[in-house]
Amino acid sequence: TALVSVSDKTGLDDFARNLSGLGVGFIASGGTGDYLKEAGVEVTGISEVTGRVDFLGGLVKTLHPAIHAGILADRARPGHMRELEALDYRKVDMVVVNFYPLQDRREARDLSFIDIGGPAMTRAAAKNFGSCVIVPDPSWYGRVIEEIGATGGVGPDLRWQLARDALARTGSYDARTLSLVPGLPDREAMPPSMLLGMKKTLELRYGENPHQAAGFYGTGQGPGFEVLKGELSYNNILDLDCCLNTLSEFDASAAVVVKHVGPCGVAEADQGHDALERAYACDPLSAFGGVIGTNFTFTEDCAAFLAKRFVECIVAPAFDEAALARLRKKKRTRLVVVPTLESSTVGKRRAGVEGDARAEGSPVMGSGRLVVRTAFGGALVQSQDSDLLVEDL
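None of these values were measured; they are calculated from a predicted model.

Draft legend 1. Geometry of the overall build of the protein chain. Broken down by element type, the protein chain carries 14 helices and 15 strands. In the protein chain, which comprises 393 residues, the proportion classed as buried is 41%. Put simply, the protein chain shows about 21500 Å² of open surface, and 51% of that area lies on carbon and sulfur atoms.

This is how it looks when you write it as C-alpha coordinates:
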(Lines give C-alpha, C1' and ligand atoms only; values in the text may rest on other atoms or scores of the structure.)
Protein backbone atom coordinates (compact mmCIF):
# COMPACT_ATOMS: atom_id res chain seq x y z
CA THR A 1 0.00 0.00 0.00
CA ALA A 2 1.26 3.46 -0.95
CA LEU A 3 -0.03 6.63 0.70
CA VAL A 4 0.09 9.56 -1.74
CA SER A 5 -0.33 13.26 -0.89
CA VAL A 6 1.49 15.68 -3.18
CA SER A 7 1.42 19.31 -4.22
CA ASP A 8 3.78 18.80 -7.17
CA LYS A 9 2.07 16.21 -9.38
CA THR A 10 4.84 16.04 -11.99
CA GLY A 11 5.02 12.48 -13.34
CA LEU A 12 2.60 11.19 -10.71
CA ASP A 13 0.15 9.60 -13.15
CA ASP A 14 2.80 7.42 -14.83
CA PHE A 15 4.42 6.58 -11.48
CA ALA A 16 1.11 5.52 -9.95
CA ARG A 17 0.07 3.48 -13.00
CA ASN A 18 3.42 1.68 -12.95
CA LEU A 19 3.10 0.96 -9.22
CA SER A 20 -0.46 -0.25 -9.74
CA GLY A 21 0.78 -2.63 -12.43
CA LEU A 22 3.27 -3.99 -9.88
CA GLY A 23 0.46 -4.76 -7.42
CA VAL A 24 0.52 -1.61 -5.28
CA GLY A 25 -2.73 -0.22 -3.85
CA PHE A 26 -3.25 3.46 -3.00
CA ILE A 27 -4.49 5.67 -0.19
CA ALA A 28 -4.70 9.35 -1.14
CA SER A 29 -5.85 12.69 0.18
CA GLY A 30 -8.58 14.73 -1.54
CA GLY A 31 -6.91 16.60 -4.41
CA THR A 32 -4.31 13.90 -5.02
CA GLY A 33 -6.99 11.20 -4.89
CA ASP A 34 -9.10 13.00 -7.51
CA TYR A 35 -6.03 13.39 -9.73
CA LEU A 36 -5.19 9.68 -9.51
CA LYS A 37 -8.78 8.64 -10.23
CA GLU A 38 -8.76 10.80 -13.37
CA ALA A 39 -5.54 9.03 -14.36
CA GLY A 40 -7.36 5.69 -14.08
CA VAL A 41 -5.83 4.57 -10.77
CA GLU A 42 -8.05 3.00 -8.10
CA VAL A 43 -7.74 4.91 -4.82
CA THR A 44 -8.94 4.55 -1.23
CA GLY A 45 -9.71 7.92 0.37
CA ILE A 46 -8.04 9.03 3.61
CA SER A 47 -11.45 9.30 5.30
CA GLU A 48 -12.15 5.63 4.54
CA VAL A 49 -8.98 4.69 6.41
CA THR A 50 -9.44 7.02 9.40
CA GLY A 51 -13.23 6.67 9.64
CA ARG A 52 -13.54 10.47 9.71
CA VAL A 53 -14.21 13.05 7.06
CA ASP A 54 -11.90 16.08 6.93
CA PHE A 55 -12.54 18.52 9.74
CA LEU A 56 -11.27 21.92 10.90
CA GLY A 57 -11.71 23.06 7.32
CA GLY A 58 -9.45 20.29 6.02
CA LEU A 59 -6.56 21.07 8.39
CA VAL A 60 -6.71 17.59 9.91
CA LYS A 61 -6.69 14.80 7.38
CA THR A 62 -3.60 12.63 7.68
CA LEU A 63 -2.86 13.53 11.33
CA HIS A 64 -4.56 10.42 12.65
CA PRO A 65 -3.37 7.21 14.42
CA ALA A 66 -4.70 5.05 11.59
CA ILE A 67 -2.31 6.79 9.20
CA HIS A 68 0.76 7.24 11.38
CA ALA A 69 0.50 3.79 12.99
CA GLY A 70 0.43 2.28 9.50
CA ILE A 71 3.57 4.22 8.59
CA LEU A 72 5.50 3.67 11.85
CA ALA A 73 4.72 0.00 12.46
CA ASP A 74 7.98 -1.97 12.40
CA ARG A 75 7.49 -5.14 10.33
CA ALA A 76 10.26 -6.86 12.30
CA ARG A 77 8.33 -6.48 15.58
CA PRO A 78 5.39 -8.93 15.80
CA GLY A 79 3.82 -6.85 18.57
CA HIS A 80 3.47 -3.89 16.24
CA MET A 81 1.73 -5.98 13.63
CA ARG A 82 -0.64 -7.51 16.21
CA GLU A 83 -1.63 -4.05 17.38
CA LEU A 84 -2.36 -2.94 13.81
CA GLU A 85 -4.47 -6.02 13.26
CA ALA A 86 -6.38 -5.55 16.54
CA LEU A 87 -7.24 -1.95 15.57
CA ASP A 88 -7.98 -2.93 11.97
CA TYR A 89 -5.39 -0.43 10.71
CA ARG A 90 -3.73 -0.93 7.32
CA LYS A 91 0.04 -1.01 7.14
CA VAL A 92 1.52 1.62 4.83
CA ASP A 93 4.49 0.35 2.80
CA MET A 94 5.29 3.54 0.91
CA VAL A 95 4.71 7.27 1.44
CA VAL A 96 4.79 9.55 -1.61
CA VAL A 97 4.70 13.13 -0.34
CA ASN A 98 5.87 16.62 -1.24
CA PHE A 99 4.91 19.87 0.46
CA TYR A 100 2.79 22.95 -0.15
CA PRO A 101 4.78 25.73 -1.84
CA LEU A 102 5.91 28.38 0.63
CA GLN A 103 4.47 31.89 0.39
CA ASP A 104 6.01 35.18 1.45
CA ARG A 105 3.55 36.68 3.91
CA ARG A 106 6.05 38.40 6.19
CA GLU A 107 4.22 41.71 6.08
CA ALA A 108 1.04 40.11 7.44
CA ARG A 109 2.82 37.88 9.99
CA ASP A 110 0.87 34.98 8.55
CA LEU A 111 2.09 31.37 8.85
CA SER A 112 -1.15 29.65 7.90
CA PHE A 113 0.42 28.42 4.64
CA ILE A 114 2.78 25.98 6.42
CA ASP A 115 2.36 22.29 5.55
CA ILE A 116 1.94 20.19 8.72
CA GLY A 117 0.77 16.77 7.56
CA GLY A 118 3.29 16.38 4.73
CA PRO A 119 6.45 16.86 6.80
CA ALA A 120 4.97 14.77 9.63
CA MET A 121 4.35 11.78 7.32
CA THR A 122 7.73 12.25 5.64
CA ARG A 123 9.62 12.19 8.94
CA ALA A 124 7.61 9.19 10.14
CA ALA A 125 8.37 7.19 6.99
CA ALA A 126 12.05 8.19 7.09
CA LYS A 127 12.25 7.09 10.74
CA ASN A 128 10.86 3.68 9.77
CA PHE A 129 12.61 3.44 6.38
CA GLY A 130 13.29 -0.27 6.84
CA SER A 131 9.55 -0.96 6.75
CA CYS A 132 8.13 2.03 4.89
CA VAL A 133 9.66 3.54 1.74
CA ILE A 134 9.59 7.34 1.60
CA VAL A 135 9.52 8.91 -1.89
CA PRO A 136 9.98 12.66 -1.29
CA ASP A 137 10.27 14.01 -4.83
CA PRO A 138 9.30 13.15 -8.45
CA SER A 139 13.01 12.87 -9.34
CA TRP A 140 13.03 9.49 -7.53
CA TYR A 141 10.02 7.95 -9.34
CA GLY A 142 11.97 6.32 -12.16
CA ARG A 143 14.56 4.73 -9.91
CA VAL A 144 11.95 3.35 -7.50
CA ILE A 145 9.94 1.78 -10.34
CA GLU A 146 13.10 0.33 -11.88
CA GLU A 147 14.18 -1.32 -8.62
CA ILE A 148 10.74 -2.74 -7.79
CA GLY A 149 10.42 -4.06 -11.35
CA ALA A 150 13.86 -5.70 -11.21
CA THR A 151 13.85 -7.10 -7.66
CA GLY A 152 10.24 -7.08 -6.47
CA GLY A 153 10.94 -4.48 -3.80
CA VAL A 154 13.05 -1.52 -2.71
CA GLY A 155 16.42 -2.60 -1.32
CA PRO A 156 18.10 -1.25 1.83
CA ASP A 157 20.58 0.99 -0.03
CA LEU A 158 17.89 2.84 -1.97
CA ARG A 159 15.65 3.04 1.12
CA TRP A 160 18.52 4.70 2.99
CA GLN A 161 19.17 7.19 0.19
CA LEU A 162 15.47 8.06 0.03
CA ALA A 163 15.23 8.52 3.80
CA ARG A 164 18.29 10.73 3.88
CA ASP A 165 16.96 12.90 1.05
CA ALA A 166 13.57 13.11 2.77
CA LEU A 167 15.13 14.42 6.00
CA ALA A 168 17.17 16.95 4.02
CA ARG A 169 13.95 18.17 2.40
CA THR A 170 12.02 18.51 5.66
CA GLY A 171 14.99 20.35 7.18
CA SER A 172 15.20 22.65 4.16
CA TYR A 173 11.45 23.27 4.34
CA ASP A 174 11.76 24.32 7.99
CA ALA A 175 14.71 26.59 7.20
CA ARG A 176 12.92 28.27 4.31
CA THR A 177 9.82 28.69 6.49
CA LEU A 178 11.91 30.36 9.19
CA SER A 179 13.32 32.78 6.61
CA LEU A 180 9.75 34.00 6.11
CA VAL A 181 9.20 34.66 9.82
CA PRO A 182 9.85 38.35 10.50
CA GLY A 183 11.69 39.47 13.61
CA LEU A 184 10.52 42.24 15.93
CA PRO A 185 11.48 45.80 14.93
CA ASP A 186 13.51 46.41 18.10
CA ARG A 187 15.51 43.18 17.86
CA GLU A 188 19.07 42.89 16.62
CA ALA A 189 19.67 42.79 12.86
CA MET A 190 21.23 39.33 13.06
CA PRO A 191 18.81 36.61 14.26
CA PRO A 192 19.66 34.69 17.47
CA SER A 193 19.63 31.42 15.53
CA MET A 194 19.90 30.52 11.88
CA LEU A 195 18.99 27.58 9.67
CA LEU A 196 20.36 27.36 6.14
CA GLY A 197 17.99 25.39 3.95
CA MET A 198 19.95 24.70 0.78
CA LYS A 199 19.92 22.05 -1.90
CA LYS A 200 22.50 21.16 -4.52
CA THR A 201 21.62 23.00 -7.73
CA LEU A 202 24.83 22.45 -9.69
CA GLU A 203 27.33 19.61 -9.94
CA LEU A 204 30.99 20.67 -9.79
CA ARG A 205 33.86 18.56 -11.06
CA TYR A 206 35.88 19.17 -7.90
CA GLY A 207 36.65 21.80 -5.28
CA GLU A 208 39.49 24.28 -4.89
CA ASN A 209 41.86 21.39 -5.65
CA PRO A 210 41.19 18.24 -7.74
CA HIS A 211 41.17 15.93 -4.69
CA GLN A 212 38.30 17.87 -3.01
CA ALA A 213 34.62 17.05 -3.65
CA ALA A 214 32.36 20.07 -4.22
CA GLY A 215 28.90 21.21 -5.25
CA PHE A 216 26.95 24.47 -5.52
CA TYR A 217 24.06 24.75 -3.08
CA GLY A 218 21.34 27.37 -3.10
CA THR A 219 18.21 28.39 -1.22
CA GLY A 220 16.10 28.87 -4.36
CA GLN A 221 15.00 26.62 -7.20
CA GLY A 222 18.17 27.18 -9.20
CA PRO A 223 21.65 28.65 -8.98
CA GLY A 224 20.61 32.15 -10.15
CA PHE A 225 22.67 31.84 -13.32
CA GLU A 226 22.65 29.79 -16.51
CA VAL A 227 25.70 28.06 -17.93
CA LEU A 228 25.59 28.31 -21.73
CA LYS A 229 28.89 26.57 -22.41
CA GLY A 230 31.31 24.44 -20.41
CA GLU A 231 31.36 23.20 -16.83
CA LEU A 232 32.02 25.54 -13.91
CA SER A 233 34.56 24.80 -11.22
CA TYR A 234 34.55 25.83 -7.58
CA ASN A 235 37.12 28.55 -8.35
CA ASN A 236 35.13 29.78 -11.36
CA ILE A 237 32.11 30.44 -9.14
CA LEU A 238 34.18 32.36 -6.60
CA ASP A 239 35.55 34.54 -9.40
CA LEU A 240 32.07 34.99 -10.90
CA ASP A 241 30.77 36.16 -7.53
CA CYS A 242 33.61 38.69 -7.37
CA CYS A 243 32.55 39.93 -10.82
CA LEU A 244 28.96 40.39 -9.67
CA ASN A 245 29.93 42.27 -6.52
CA THR A 246 32.24 44.61 -8.45
CA LEU A 247 29.79 45.29 -11.28
CA SER A 248 27.01 46.11 -8.79
CA GLU A 249 28.84 49.40 -8.11
CA PHE A 250 28.27 50.76 -11.63
CA ASP A 251 25.27 52.32 -13.35
CA ALA A 252 26.84 52.82 -16.80
CA SER A 253 28.37 50.09 -18.96
CA ALA A 254 31.18 48.44 -16.99
CA ALA A 255 33.54 45.48 -17.30
CA VAL A 256 35.73 43.70 -14.77
CA VAL A 257 38.57 41.20 -15.13
CA VAL A 258 39.01 38.90 -12.11
CA LYS A 259 41.94 36.65 -11.30
CA HIS A 260 42.20 34.55 -8.13
CA VAL A 261 39.09 36.15 -6.53
CA GLY A 262 40.31 39.74 -6.98
CA PRO A 263 39.73 42.36 -9.68
CA CYS A 264 42.84 43.05 -11.75
CA GLY A 265 41.06 45.42 -14.13
CA VAL A 266 37.85 47.48 -13.92
CA ALA A 267 36.50 50.15 -16.29
CA GLU A 268 33.33 52.10 -17.05
CA ALA A 269 32.51 53.70 -20.43
CA ASP A 270 29.65 54.92 -22.57
CA GLN A 271 30.08 51.90 -24.86
CA GLY A 272 30.40 48.34 -23.59
CA HIS A 273 33.21 47.45 -26.01
CA ASP A 274 35.28 50.38 -24.73
CA ALA A 275 34.72 49.35 -21.10
CA LEU A 276 35.91 45.81 -21.91
CA GLU A 277 39.08 46.97 -23.68
CA ARG A 278 39.97 49.40 -20.88
CA ALA A 279 39.37 46.82 -18.15
CA TYR A 280 41.60 44.33 -19.95
CA ALA A 281 44.32 46.98 -20.50
CA CYS A 282 44.63 47.61 -16.74
CA ASP A 283 46.74 44.44 -16.36
CA PRO A 284 46.90 42.28 -19.50
CA LEU A 285 49.37 39.86 -17.90
CA SER A 286 47.08 38.97 -15.00
CA ALA A 287 44.07 38.91 -17.32
CA PHE A 288 45.44 35.76 -19.00
CA GLY A 289 43.16 32.88 -18.00
CA GLY A 290 40.98 35.19 -15.93
CA VAL A 291 37.23 35.61 -15.56
CA ILE A 292 35.56 38.55 -17.31
CA GLY A 293 32.22 40.07 -16.29
CA THR A 294 30.11 42.77 -17.93
CA ASN A 295 26.83 44.44 -17.01
CA PHE A 296 25.88 44.81 -20.70
CA THR A 297 24.98 42.38 -23.46
CA PHE A 298 28.15 40.75 -24.78
CA THR A 299 28.34 41.65 -28.49
CA GLU A 300 30.26 40.36 -31.49
CA ASP A 301 32.84 43.15 -31.28
CA CYS A 302 33.51 42.17 -27.64
CA ALA A 303 33.94 38.54 -28.71
CA ALA A 304 36.28 39.64 -31.52
CA PHE A 305 38.45 41.54 -29.02
CA LEU A 306 38.92 38.32 -27.02
CA ALA A 307 39.36 36.09 -30.08
CA LYS A 308 43.09 35.47 -29.52
CA ARG A 309 43.09 35.93 -25.75
CA PHE A 310 42.67 33.04 -23.31
CA VAL A 311 39.72 33.68 -20.99
CA GLU A 312 38.57 31.07 -18.46
CA CYS A 313 35.00 32.33 -18.14
CA ILE A 314 32.76 35.19 -19.33
CA VAL A 315 29.65 36.30 -17.42
CA ALA A 316 27.13 38.79 -18.79
CA PRO A 317 23.38 39.52 -18.63
CA ALA A 318 23.11 38.20 -22.22
CA PHE A 319 25.13 37.27 -25.31
CA ASP A 320 24.01 38.18 -28.82
CA GLU A 321 23.90 35.39 -31.40
CA ALA A 322 26.99 36.57 -33.30
CA ALA A 323 29.02 36.71 -30.08
CA LEU A 324 27.87 33.21 -29.13
CA ALA A 325 28.86 31.88 -32.55
CA ARG A 326 32.40 33.22 -32.06
CA LEU A 327 32.78 32.27 -28.40
CA ARG A 328 31.58 28.70 -28.86
CA LYS A 329 34.74 28.12 -30.89
CA LYS A 330 36.92 28.96 -27.86
CA LYS A 331 37.21 25.46 -26.45
CA ARG A 332 38.29 26.29 -22.90
CA THR A 333 36.07 29.34 -22.33
CA ARG A 334 32.93 28.96 -20.23
CA LEU A 335 29.92 31.22 -20.82
CA VAL A 336 27.49 32.21 -18.05
CA VAL A 337 24.34 34.36 -18.11
CA VAL A 338 23.09 36.32 -15.07
CA PRO A 339 20.05 38.37 -16.21
CA THR A 340 20.12 40.62 -13.11
CA LEU A 341 23.52 41.99 -14.18
CA GLU A 342 21.93 44.38 -16.70
CA SER A 343 23.35 47.86 -15.96
CA SER A 344 19.97 49.57 -16.29
CA THR A 345 18.70 47.74 -13.20
CA VAL A 346 21.76 48.06 -10.96
CA GLY A 347 20.99 51.60 -9.82
CA LYS A 348 17.45 50.55 -8.94
CA ARG A 349 18.75 47.62 -6.90
CA ARG A 350 21.10 49.86 -4.96
CA ALA A 351 18.35 52.40 -4.31
CA GLY A 352 16.04 49.66 -3.07
CA VAL A 353 13.18 50.61 -5.41
CA GLU A 354 11.24 48.57 -7.94
CA GLY A 355 13.60 46.16 -9.66
CA ASP A 356 15.36 45.10 -6.45
CA ALA A 357 17.01 41.69 -6.92
CA ARG A 358 15.15 40.29 -3.91
CA ALA A 359 11.79 41.15 -5.47
CA GLU A 360 12.86 39.27 -8.59
CA GLY A 361 13.81 36.22 -6.53
CA SER A 362 17.48 36.43 -7.48
CA PRO A 363 19.97 35.36 -4.78
CA VAL A 364 23.03 36.60 -6.65
CA MET A 365 22.85 40.34 -6.02
CA GLY A 366 21.12 42.87 -3.80
CA SER A 367 21.37 44.26 -0.30
CA GLY A 368 19.18 41.51 1.19
CA ARG A 369 21.84 38.81 0.83
CA LEU A 370 23.61 37.38 3.85
CA VAL A 371 27.29 36.52 3.53
CA VAL A 372 28.30 33.33 5.36
CA ARG A 373 31.88 32.18 5.92
CA THR A 374 33.03 29.22 7.97
CA ALA A 375 35.64 29.68 10.70
CA PHE A 376 36.69 27.73 13.82
CA GLY A 377 34.12 25.03 13.09
CA GLY A 378 31.32 27.62 13.07
CA ALA A 379 30.21 30.40 10.76
CA LEU A 380 30.58 34.15 10.51
CA VAL A 381 27.47 35.85 9.10
CA GLN A 382 27.10 39.45 7.95
CA SER A 383 24.79 41.43 5.69
CA GLN A 384 25.92 42.13 2.14
CA ASP A 385 28.04 45.29 1.77
CA SER A 386 25.88 47.35 -0.59
CA ASP A 387 26.94 50.90 0.44
CA LEU A 388 29.27 52.67 -1.99
CA LEU A 389 30.19 55.56 0.36
CA VAL A 390 30.62 57.83 -2.68
CA GLU A 391 30.25 61.05 -0.70
CA ASP A 392 32.79 59.92 1.91
CA LEU A 393 35.27 59.03 -0.80
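Alright, that's what it looks like, and here's the rest.
Draft legend 2. Looking closely at the packing of aromatic side chains. Applying the stated criterion to the full structure yields 7 aromatic pairs. Between Phe-129 and Trp-160 the ring centres are 5.3 Å apart and the planes differ by 65°, which places this aromatic pair in the edge-to-face class. Placement of Phe-129 in the loop between helix H6 (117–127) and strand S5 (133–135) and of Trp-160 in helix H8 (residues 156–178) is noted, with a sequence separation of 31 residues between them. A relative accessible area of 25% means that Phe-129 is categorised as partly exposed. Overall, the relative accessible area of 52% leaves Trp-160 in the exposed class. Both rings, one in Phe-298 and one in Phe-319, keep their centres 5.6 Å apart while their planes meet at 45°; by these two values the pair is tilted. Residue Phe-298 is found in the loop between strand S11 (290–294) and helix H12 (300–305), and its partner Phe-319 is found in the loop between strand S12 (311–316) and helix H13 (321–327); the two are separated by 21 residues along the sequence. Using a relative accessible area of 9% as the deciding quantity, one classes Phe-319 as buried. A cation over an aromatic ring shows up here: Arg-309 above the ring of Tyr-280, its NZ or CZ 5.1 Å from the ring centre. The ring of Phe-310 has Arg-332 sitting right over it, with the charged end atom 4.2 Å from the ring centre.

Draft legend 3. Up close: the pattern of salt bridges. Across all of its chains, the model carries 10 salt bridges by this definition. Taking the shortest distance from any N to any O, the salt bridge between Glu-203 and Lys-200 comes out at 3.1 Å. Here Glu-203 falls in the exposed class, since its relative accessible area comes to 57%. Each of the salt bridges in this network shares a partner with another, and the network as a whole consists of Asp-13, Asp-14 and Arg-17.

Draft legend 4. Structural detail: the sheet that holds strand S13 (residues 334–337). The strand order across the open sheet built from 6 strands is S8-S13-S12-S11-S9-S10, with neighbouring strands paired in mixed fashion. Both outer strands of the open sheet, strand S8 (226–229) and strand S10 (263–269), are each paired with one neighbouring strand and no more. Pairs of neighbouring strands in the sheet enclose a mean axial angle of 20°, with direction left out of account. Taken together, the 4 bridges between S12 and S13 define a ladder with parallel strand orientation. Bridge assignment links Ala-316 to a residue of S13, and that residue is Val-337.

Draft legend 5. Representation of the confidence of the model for the protein chain within the structure. On average, residues of the protein chain score 83 in pLDDT, and 87% of them reach the 70 mark or higher. Below pLDDT 50 for its whole length, residues 344–367 participates in 44 contacts with residues either more than four positions away or in separate chains.

Draft legend 6. View of helix H1 (residues 12–21). Burial in H1 covers these residues: Leu-12, Phe-15, Ala-16 and Leu-19. Angularly, the buried residues of H1 cover 95° about the axis, an arc narrow enough to put them on a single face. On its buried face, H1 sits against strand S1 (2–5), strand S2 (26–28), helix H2 (30–38), strand S4 (94–97), S5 and helix H7 (141–151). At the exit of H1 stands Gly-23, carrying a positive phi of roughly 95°.

Draft legend 7. Structural detail: a negative patch on the surface. On the surface, Glu-268, Asp-270, Asp-274, Glu-277 and Asp-301 cluster together to form a negatively charged patch. Residue placement: Asp-274 occurs in helix H10 (residues 272–281).

Draft legend 8. Focus on the nonpolar core. The biggest cluster of nonpolar side chains holds 44 residues, and the ones touching the most others in it are Phe-15, Ile-71, Met-94, Val-95 and Val-135. Among the elements that make up this core, the one with the highest residue count is H8 (5 residues). Those residues in contact with Val-95 that lie beyond four places of it in its chain are Leu-3, Ile-71, Met-121, Ala-125, Cys-132, Val-133, Ile-134 and Val-135. Counting residues in each nonpolar core, the second largest holds 26 residues, with Cys-264, Leu-306, Ala-323 and Leu-335 among its members.

Draft legend 9. Spatial organisation of the sheet that holds S1. Pairing is parallel across the open sheet formed by 5 strands, whose spatial order is S3-S2-S1-S4-S5. Since the sheet does not close on itself, it has two edges, and those belong to strand S3 (44–45) and S5, each with one partner. As paired elements, S2 and S3 share 2 bridges and run parallel to each other. Note that in S3 the partner of Ile-27 across the bridge is Thr-44.

How each quantity is defined
Residues numbered from 1 in each chain as written. Predicted model: local features only at pLDDT ≥ 70, side-chain atom pairs only at ≥ 80, totals over all residues. Heavy atoms only, no water. Helix = DSSP H or I, 4+ residues; strand = E, 2+ residues; numbered from the N terminus. Buried < 20%, exposed > 50% of the residue type's maximum accessible area, 1.4 Å probe, protein only. Areas by Shrake-Rupley, 256 points an atom, 1.4 Å probe, with all protein chains shown as cover. Phe/Tyr/Trp six-rings, centres within 6.5 Å; stacked < 30°, edge-to-face > 60°. Lys NZ or Arg CZ within 6 Å of the ring centre and 35° of its normal. Salt bridge = Lys/Arg side-chain N within 4 Å of Asp/Glu carboxyl O. Pairing = 2+ DSSP bridges. Axes fitted to C-alpha atoms, helices over the stretch in contact; angles between N-to-C directions. pLDDT = per-residue confidence, 0-100. Contact = heavy atoms within 4.5 Å. Arc of directions from axis to C-beta. Patch = residues over 30% accessible without salt bridge, like charges linked within 9 Å, V, L, I, M, F, W, Y side chains within 5 Å. Lys, Arg positive; Asp, Glu negative; His and termini not counted. Charge placed at Lys NZ, Arg CZ, Asp CG, Glu CD. Core = buried A, V, L, I, M, F, W, Y, C linked by side-chain atoms within 4.5 Å.

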